[in-house]
Amino acid sequence: MSRRRTRPTPTAVTDRSTRRPAARADRRGTPAGLRLLAGVVAGTVCAGLSALPASAAGTEPVVSRGVTIPSFYNPPSELPASNGALIRTEALPLGLSIPGLDGRPMPGTATRLMYRSTDSAGQPVAVTGAYIEPSTAWKGTGPRPLVAVASGTMGQGDQCAPSFALQHPLTLNGDTVSVGYEALAIYRLLATGAAVVVTDYVGLGTTDRVHTYVNRLDQGHALLDAARAARAVPGASVTAASRTGLYGYSQGGGASAAAAELQPSYAPDVPLSGTYAGAPPANLTSVMKGIDGSALAGALAWSISGFAQADPDLRAVVEANISATGKAALKDASTMCVGDALFGYGFTKSNKWTTSGRSIGDIIAAEPRAQAALDKQRIGTLEPAGPVRLATGVQDDIVPHAQARQLAVDWCRKGANVTYEAVKLPNLGDRILTNHLVPLITDQGDAISWMTDRLAGKPATSNCWTMPLQP
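Residues numbered from 1 in each chain as written. Predicted model: local features only at pLDDT ≥ 70, side-chain atom pairs only at ≥ 80, totals over all residues. Heavy atoms only, no water.

Draft legend 1. The arrangement of the sheet that holds strand E14 (residues 272–278) in detail. Pairing is mixed across the open sheet formed by 9 strands, whose spatial order is E4-E7-E8-E12-E9-E13-E14-E15-E16. Edge strands, defined here as strands with exactly one partner in the open sheet, are strand E4 (86–92) and strand E16 (418–423). Each strand of the sheet is rotated relative to its neighbour by a mean of 20°, with strand direction disregarded. Contacts from helix H14 (residues 434–442) reach strand E13 (244–249), strand E15 (388–393) and E16 within the one sheet, and its direction differs from that of E13 by about 145°. (Pairing = 2+ DSSP bridges. Helix = DSSP H or I, 4+ residues; strand = E, 2+ residues; numbered from the N terminus. Axes fitted to C-alpha atoms, helices over the stretch in contact; angles between N-to-C directions. Contact = heavy atoms within 4.5 Å.)

Written as structure tokens, this is what we have:
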């Protein structure tokens, strides 16, 4: 299931835009729920307005669904020796920016970056991202702090990379739909005077491999190494002494939660002052059931493709049980962004992709090797470093509320400093993503205020004692 690309012939363009499903949904027949969801996402943006394969060393452009990926995203064949080491940087023009009174752009000056990390197999990997030096002064104590942001689900195509979305907040070309909805949280964090570094995760943007969607180790490592890389960005004001926060919702919530657990062993040099984990997919067995047949069913294809690439045991099970139709869907989805997946695979059930007609979740549950591979992705087996704020919508049926709450319970039992926030909202529509998406907005202000206090050195008080009373 690996999608590693070979080096294109000289002057040729590798065109991934042709990888579309044979039975792609007719947009004229898009369910009302998806139209509602598309409106909510668009409104959010408006409101906040191992050795690498040989191809990695090339400079030929890759085209993903009609979008040319800059050669910057092609990793070199040789990587630095240390995690977090910068490979290259370049100026990154922000798509949403205005000139400030002092001549500096608001909300800050951005730099595109590529740095080294380590993947779940223990092999070196190049990861891209972006660092933003804010125009606003830091008014708290100590040097300017840093927030490492892990984006929510953007997709699996390279054109969906969060750093690319900072430059192109809306990509809409008839072949792909990508919305940079994380700009709202990023710009609000910059307004506090904190610097921000954003990771693209492993394989998202970089053209050498498939994005390993919701892989605990890949995401946690990439986020921590982004914080390391930020210190070396030319012109950056953050230093090794800067307080550091981790921030993420949904896929990003899982990444920040995993990074908080991994920090003591993997990156003790990154001083964590606080972690925000919103709607974290901590138990993928539960989450797979939540997204199967939902508006975000395409995300199931992303996770299966990513894990099949990274884990031989899961790859064997996938190859033995996925039908020709399913394999075509996984290949096609691997170049999609969220918008494409909503229109192309919204409400698809995974039993349409298997040879037996069983769901992918049922197949994995029946295969001990595959279930063991998924169990290794469980977040909550380690105590997180520093205080953590975990928020989950009580009506969330995509990244189910119960498994996110269980993560808070698991951490509390380990003695962690946990602030648990159950976001109470009415049911806003089953399986159409709104129960998952709306808490992203409603909790954002409180999450950023909590993070700002941690970056200012204010202590956090755990509310673990309230867990028996919390929904």
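Draft legend 2. View of the pattern of salt bridges. The final tally for this structure, using the stated rule, is 13 salt bridges. Here Glu133 ties to Arg144 by a salt bridge, and the two come within 3.4 Å at their closest N and O atoms. Residue Glu133 is located in strand E8 (residues 124–134), and its partner Arg144 is located in the loop between E8 and strand E9 (146–150); the two are separated by 11 residues in the primary sequence. Residues Glu133 and Arg144 agree in their burial class; the two are buried. Among the ionic pairs, Asp443 bridges to Arg389, the shortest N-O distance being 2.7 Å. With Asp443 in the loop between H14 and helix H15 (444–455) and Arg389 in strand E15, the pair connects residues that are 54 residues apart, well separated along the chain. What you see here is one network of salt bridges that share partners, running through Asp225, Arg228, Arg231 and Asp269. (Salt bridge = Lys/Arg side-chain N within 4 Å of Asp/Glu carboxyl O. Buried < 20%, exposed > 50% of the residue type's maximum accessible area, 1.4 Å probe, protein only.)

Draft legend 3. Expanded view of the environment of Arg216. Following the sequence through the fold, Arg216 ends up in helix H4 (residues 216–230). The class for Arg216 is buried, based on a relative accessible area of 14%. For the pair Arg216 and Ala282, spaced 66 residues apart in sequence, the C-alpha separation works out to 8.9 Å.

Draft legend 4. Representation of unusual backbone geometry within the structure. Even without being a glycine, Val214 presents a positive backbone phi close to 55°. Relative to the helices and strands, Val214 resides in the loop between strand E12 (195–199) and H4. Relative accessible area serves as the criterion here: at 11%, Val214 is assigned to the buried category. A positive phi angle, near 65°, is found at Ser250, a position not held by glycine. Inspection of the secondary structure assignment puts Ser250 in the loop between E13 and helix H5 (251–266). Looking at Ser250, the relative accessible area reads 10%, which means it is buried.

Draft legend 5. Local environment of the state of the cysteines. Applying the stated criterion across every chain yields a total of 2 disulfides. Through a disulfide, Cys160 is tied to Cys337; the S-S separation comes to 2.1 Å. Judged by the sign of its S-S torsion, about -100°, the bond between Cys160 and Cys337 is left-handed. In this pair, Cys160 is assigned in the loop between E9 and helix H2 (162–167) and Cys337 in the loop between helix H9 (324–333) and helix H10 (338–345), connecting sequence segments 177 residues apart. (Disulfide = S-S within 2.5 Å.)

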